[in-house]
Number of protein chains: 2
Amino acid sequence: MNKNGDLNLPLVKDYIPHLAYDSVIFGCNGEQLKILILEYHNTNLFALPGGFVKRNENLDSAVARGLRERTGLDHIYLEQFHAFGDTLRSRPEVMKTLLKANGYEVPEDYWLLQRFITVAYYALINYDEVQPMPDALSDSINWYSIEELPPLIMDHSVIVKTAVQTLKDNLEKKLVGMNLLPAKFTMRELQQVYEAVLGEKLRRTTFQRKILGLDILSRHEKLFSGGAHKAPYLYSFK
Amino acid sequence: MNKNGDLNLPLVKDYIPHLAYDSVIFGCNGEQLKILILEYHNTNLFALPGGFVKRNENLDSAVARGLRERTGLDHIYLEQFHAFGDTLRSRPEVMKTLLKANGYEVPEDYWLLQRFITVAYYALINYDEVQPMPDALSDSINWYSIEELPPLIMDHSVIVKTAVQTLKDNLEKKLVGMNLLPAKFTMRELQQVYEAVLGEKLRRTTFQRKILGLDILSRHEKLFSGGAHKAPYLYSFK
DNA sequence: GTTTATTGTCTCAATTTATTACAATAATAC
DNA sequence: GTATTATTGTAATAAATTGAGACAATAAAC
């Protein structure tokens, strides 16, 4: 940590200059679609978790690595959705502010103060199985409902909007539910994921018939208990 | 041109290093979906048209500029679909070969020989309205059916495959036909575009009913003549 | 004038989706 | 224990969409 002055700033010799990635990490608590947002030390600045690509590292691998470091999870569902490359998206003064807040004075030509193109990915993880870890520069990392995000730095709000739209568009063909839910789940839980992503209520009987008709679920005879009503089946993806 | 030695090689001071774009430019001749492929001087190497991003230029603007230079068209339908960033996609020996074939000896550390991440876009243009222009390094630029492409350098075949799949996925929601056809067209021509993109025959009556049901076409009383049969209506997009 | 190929539209069948209904049942209240 | 409550699984029916074929209309070729 920076208290001891032993946090090493990333050096351009190790990374591809001008290139970053940002990740929109989705989870679902059963009611709302949420994403992980981090807050930088002493700045009140909120941002998407992101990082840089090493000189000899695949772009996809860099993102997977960053995600592993933050969530402890490996083999996460991860999909690239857009590269953001406007000149005005880079805001050197923002980067300077958050470096300064952590006790760093960097030269004017420090590589992180230059223009960056970012490639954005979204990830789907099981909300309950993650204990997110802040990085060296950030204070906290927390779940926020996509309806109630804090103001984000630079163009990160646009990145989130684009991610949510992409998730909606891909809902049918990419088995989103599989990655946002635990291994076994009820039909109701699956429907709630769909509703959280689409932002609208669905008709129960139609949803059930459609999903079962896709022939992608296995039904388990083991029943879930806990509600004052008939116990539902548990399902898993085939 | 290089004969006179007065073609200037691009300098890294003007461009963002390690970052390129490639464009998959679609057209439709009425039967087949085609794309523009360029062939480099004296090399027998075929590639997608691409380029680099200037230091103070938006990513999207760079691609639009490249397209304008090659097709003479402005306001082209252009959509980003994927960034390719594997370490192994860059093949410095290929770049060296084609520079050499044009009479250039470049130093080992020349920026174009380094690793590149490319952001790929697809464009939709009206096949008949374009007179494509080769660039300084390339011999020719020609339409090729997506079924019969020459072998392409580096990962350009993968880029094309991804573009075609993206186009299929977007066929319904993005009014692809509008950008591949002239302003006025017959129902048959529109159907042929759909068939070329999907790679399958569609039923005439069903297609017509579906398209008209979308309420996106204006019908013009002016009739097209030329065939030994009833003259069809001309349509345009609303 | 006859033939030919294609067009615009209609009909009916097949399939899919929407809506309603209802019995089954696990927990709770009593 | 029994009635109550909320939710579940499934069936039945209505509505909408799509598939497949039929047919008259007609511009050009012969």
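Residues numbered from 1 in each chain as written. Chains lettered and ligands numbered in written order. Predicted model: local features only at pLDDT ≥ 70, side-chain atom pairs only at ≥ 80, totals over all residues. Heavy atoms only, no water.

Participant: Outline the pattern of salt bridges, listing residues and values.
Facilitator: Under the defined criterion, the tally for this structure stands at 20 salt bridges over all chains. For E93 of chain B, the salt bridge goes to R91 of chain B, with nearest N and O atoms at 2.7 Å. Under the relative-accessibility criterion, E93 of chain B is labelled partly exposed at 40%. A single salt-bridge network, built from bridges that share partners, covers E57, R65 and E69 of chain A. (Salt bridge = Lys/Arg side-chain N within 4 Å of Asp/Glu carboxyl O. Buried < 20%, exposed > 50% of the residue type's maximum accessible area, 1.4 Å probe, protein only.)

Participant: Summarise the domain arrangement of chain A; cite the residues concerned and give the values.
Facilitator: All names here are of chain A. Taken domain by domain, chain A comprises domain 1 (2–170) and domain 2 (182–237). In this structure, domain 1 and domain 2 have C-alpha centres spaced 33 Å apart. In total, about 610 Å² of surface goes out of reach between domain 1 and domain 2, with carbon and sulfur atoms giving 62% of it. Our count for the domain 1 to domain 2 interface comes out at 0 salt bridges. (Domains from an automatic or database assignment. Buried area = accessible area lost by both parts, 1.4 Å probe.)

Participant: I'd like a description of the relation of the copies chain B and chain A, backed by residues and values.
Facilitator: Screw-axis analysis of chain B against chain A gives a translation of 0.1 Å along the axis, an RMSD of 0.1 Å, and a rotation angle of 180 degrees. These values place the two chain copies in the arrangement generated by a two-fold rotation axis. A shared binding surface is used by both copies, with 95% of the interface residues of chain B retained as interface residues in chain A. (Least-squares fit on C-alpha atoms with pLDDT ≥ 70 in both. Contact = heavy atoms within 4.5 Å.)

Participant: An account of the packing of aromatic side chains is requested, with residue identities and associated values reported.
Facilitator: Each aromatic ring pair is specified by the distance between its two centres and by the angle formed by the two planes. Under the counting rule described, the total for this entry stands at 26 aromatic pairs over all chains. Taken together, Y15, F52, W111 and F116 of chain A form an aromatic cluster joined through their ring pairs. If you follow R219 of chain B out to its NZ or CZ, it ends over the ring of Y233 of chain B, 3.9 Å from the centre. (Phe/Tyr/Trp six-rings, centres within 6.5 Å; stacked < 30°, edge-to-face > 60°. Lys NZ or Arg CZ within 6 Å of the ring centre and 35° of its normal.)

Participant: Describe the protein's contact with DNA strand C, with residues and values.
Facilitator: Neighbouring residues of DNA strand C: 21 residues in total, closest T206, H229 and K230 of chain A together with H229 and Y233 of chain B. Sugar plus phosphate, as a fraction of atoms of DNA strand C within 4 Å of the protein: 55%. Between DNA strand C and the protein, one listed contact pairs a phosphate oxygen with a side-chain N or O atom of R203 of chain A at 3.1 Å. One nitrogen or oxygen atom from the main chain of Y233 of chain B is found 2.7 Å from a phosphate oxygen belonging to DNA strand C. For the surface near DNA strand C, a count of residues per class yields 5 nonpolar, 9 polar and 7 charged. (Near = heavy atom within 4 Å. Polar contact = N/O pair within 3.5 Å; in protein donor to acceptor, adjacent residues only side chain to side chain. Nonpolar A, V, L, I, M, F, W, Y, C, P; charged D, E, K, R; others polar.)

Participant: Provide a residue-level description of the protein's contact with DNA strand D, including the pertinent values.
Facilitator: Residues in contact with DNA strand D amount to 21 residues; listed here are only the nearest, R204 and Y233 of chain A together with T206, H229 and K230 of chain B. When the atoms of DNA strand D within 4 Å of the protein are sorted by group, sugar and phosphate make up 51%. Between DNA strand D and R209 of chain B, the relevant distance is 2.9 Å, taken from a base nitrogen to a side-chain nitrogen or oxygen of the residue. The contact in question runs from a base oxygen of DNA strand D to an N or O atom on the backbone of K230 of chain B, over 2.8 Å. Those elements giving two or more residues to the surface near DNA strand D turn out to be α6 (204–213) of chain A together with α6 (204–214) of chain B. Looking at the surface near DNA strand D residue by residue, the class counts come to 5 nonpolar, 9 polar and 7 charged. (Helix = DSSP H or I, 4+ residues; strand = E, 2+ residues; numbered from the N terminus.)

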